[in-house]
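Results of the structural survey
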Amino acid sequence: TAADNPYERGPAPTNSSIEALRGPYSVSSTSVSSLAVTGFGGGTIYYPTTTSDGTFGAVVITPGFTAYESSISWLGERLASQGFVVFTIDTNTTMDQPASRGDQMLAAADYLTQRSTARSRVDATRVALMGHSMGGGGTLEAAKDRPSIKAIIPMTPWNLDKTWSEIRTPALIFGAESDSVAPVASHSEPFYSSIPSTTEKAYLELNGASHFAPNTSNTTIAKYSISWLKRWVDNDTRYSQFLCPGPSTGLFSDVEEYRNTCAF
Ligand code: 9J3
Ligand code: ZN
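Residues numbered from 1 in each chain as written. Chains lettered and ligands numbered in written order. Predicted model: local features only at pLDDT ≥ 70, side-chain atom pairs only at ≥ 80, totals over all residues.

Per an unreviewed UniProt entry, the chain goes by the name Alpha/beta hydrolase and belongs to Streptomyces chilikensis. The Sequence similarities (unreviewed entry) field of the UniProt record for the chain holds the comment "Belongs to the AB hydrolase superfamily." (UniProt positions renumbered as here; feature names shortened; annotations may be inferred.)

**Let's talk about the site of ligand 1**
Every residue lining ligand 1 is accounted for by G64, F65, S133, M134, W158, V181 and A182. Residues of the shell around ligand 1, tallied by class, amount to five nonpolar, two polar and no charged. (Near = placed C-beta within 6 Å. Nonpolar A, V, L, I, M, F, W, Y, C, P; charged D, E, K, R; others polar.)

**Here's the deal with the UniProt feature "domain: PET hydrolase/cutinase-like" (unreviewed entry) in the chain**
On the UniProt side, "domain: PET hydrolase/cutinase-like" (unreviewed entry) is annotated at positions that read residues 2–263 here. Between the C-alpha atoms that bound residues 2–263 there is a distance of 22 Å. The span itself is 26% helix and 23% strand. (Helix = DSSP H or I, 4+ residues; strand = E, 2+ residues; numbered from the N terminus.)

**A look at helix α3 (residues 98–114)**
Here α3 is 17 residues long and its end C-alpha atoms lie 24 Å apart, about the 24 Å a rise of 1.5 Å per residue gives. The buried count for α3 comes to 12 of 17 residues, which makes it a mostly enclosed element. Along α3, the residues that are buried comprise P98, R101, G102, D103, Q104, M105, L106, A108, A109, Y111, L112 and T113. Its buried side turned inward, α3 meets β2 (43–48), β3 (56–62), β4 (84–89), β5 (122–132) and α4 (134–145). (Expected span 1.5 Å × (residues − 1). Buried ≥ 20, exposed ≤ 12 C-beta atoms within 10 Å, placed from the backbone. Contact = placed C-beta atoms within 7 Å.)

**Comments concerning the sheet that holds β5**
Strand order in the open sheet formed by nine strands is β1-β2-β4-β3-β5-β6-β7-β8-β9, with mixed pairing between adjacent strands. Two strands close off the open sheet at either side, each with one partner strand: β1 (27–32) and β9 (255–260). Strand after strand, the sheet turns through a mean of 15° between neighbouring axes, direction not considered. As paired elements, β2 and β4 share four bridges and run antiparallel to each other. The residue of β4 that forms the bridge with T44 is T88. Against the sheet, α4 contacts β3, β5 and β6 (151–155), and its axis sits at roughly 140° relative to β5. (Pairing = 2+ DSSP bridges. Axes fitted to C-alpha atoms, helices over the stretch in contact; angles between N-to-C directions.)

**Concerning the environment of T156**
If you trace the backbone, T156 turns up in the loop between β6 and β7 (171–176). You can call T156 buried: it has 32 C-beta atoms within 10 Å. Placed 49 residues apart in sequence, T156 and E205 show a C-alpha to C-alpha distance of 9.0 Å. Ignoring any residue separated from it by four or fewer positions in sequence, one finds T156 in contact with H132, S133, G136, F174, G175, A176, D179, A182, S188, H211, A213 and P214.

**Details of the packing of α3 against α4**
In helix packing, the relevant descriptors are the interaxial angle and the interaxial distance, both defined with respect to the helix axes. For the pair α3 and α4, the least separation of the axes is 7 Å and the interaxial angle reads 65°. Classed by the angle they form, the pair α3 and α4 counts as roughly perpendicular. Every pair of crossing elements has a handedness; the one defined by α3 and α4 is right-handed. Two secondary-structure elements touch here, α3 through P98, A99, R101, G102, M105 and L106 and α4 through M134, G135, G137, G138, T139, E141, A142 and D145. Residues that form the contact of α3 with α4 fall into these classes: six nonpolar, five polar and three charged. (Parallel < 35°, antiparallel > 145°, perpendicular 65-115°, else oblique. Left-handed = near helix turned anticlockwise from the far one by under 90°.)

So this is what it looks like as C-alpha cells:
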C-alpha cells in the first residue's frame, strides 16, 4: 500500500492495464530546444498533468545511430501515463557512439531533475534510462559510470564492449530474434550474461522481431518496461507478478526467450 511504499503511484495493475495504450494519468508535454541545453540535443518531457500525487520517478530515453527522438517518441506518453516523468531526447549528433550517448543521457537526466520546468515534479534520486541500439549500449555505459541509476532498459542494444560485469543497476534487456544489425548472439545475450547474477536482470527476446522493433508502438516492450520501471524505480512489488515468472515463450508467444534472476 501507499503507506508501506512512499513511491507507489496509481491503482493496482492488471495485465490489461499494462498492455493498454494509455495508463491512468493524463499527460502533458513540453519541448526542450537543443539551443537551451548543453551535453545533449534537447528533447521532449512528458509528465503526469496532476500535481496531487507528489513527485514521480524519471526515465530518459535515447535513440540509436542515425536516428532521432521521433524513433522512440511512442514511449513518451505511454510510459508517462503510468506515472513517470519521461524525457525522450536527441543526441548532439546522430553519429555519436554508445559511450557518448551514455554521457548525454546523464546530462539529460541532470537537466531534467535540476533545471527543467518539470523539475519540481521529479524525484531526482529515482532515475532510469532506456535506449535503442547504440542508445541501449549507452544505457550500459551510463549505469557503469553512475551506479545510483535505478534501472536500465537497453532495447536491441549495440556495443563493441561485450562485458558488463561492473553493472549494479537492475537491467531489462530486450533482444530481437531476427536482428541482423545487433544480433542477439553478439550483443544482447553476452551483455545479459556478463552482468553479475547478484544484479537483478532479465532478458526478453522478441519472437521474429527485427532490430527496429523498438521504433514503433510495441505492447510487449511497453508492458515489461512499465513493470521493470515500477519494480525498480518505484519499489512497487505490485508489478512483480508480470516479471516473475514472466511471459511464456514459444511458437505462439511474442516472446522467444525469457531469462531472469527471479524472484523479485
Ligand atoms: O544504433 C544502432 O542502430 C547501432 C547499429 C549500427 O548501425 O551500428 C553500426 C556501426
Ligand atoms: Zn536467444
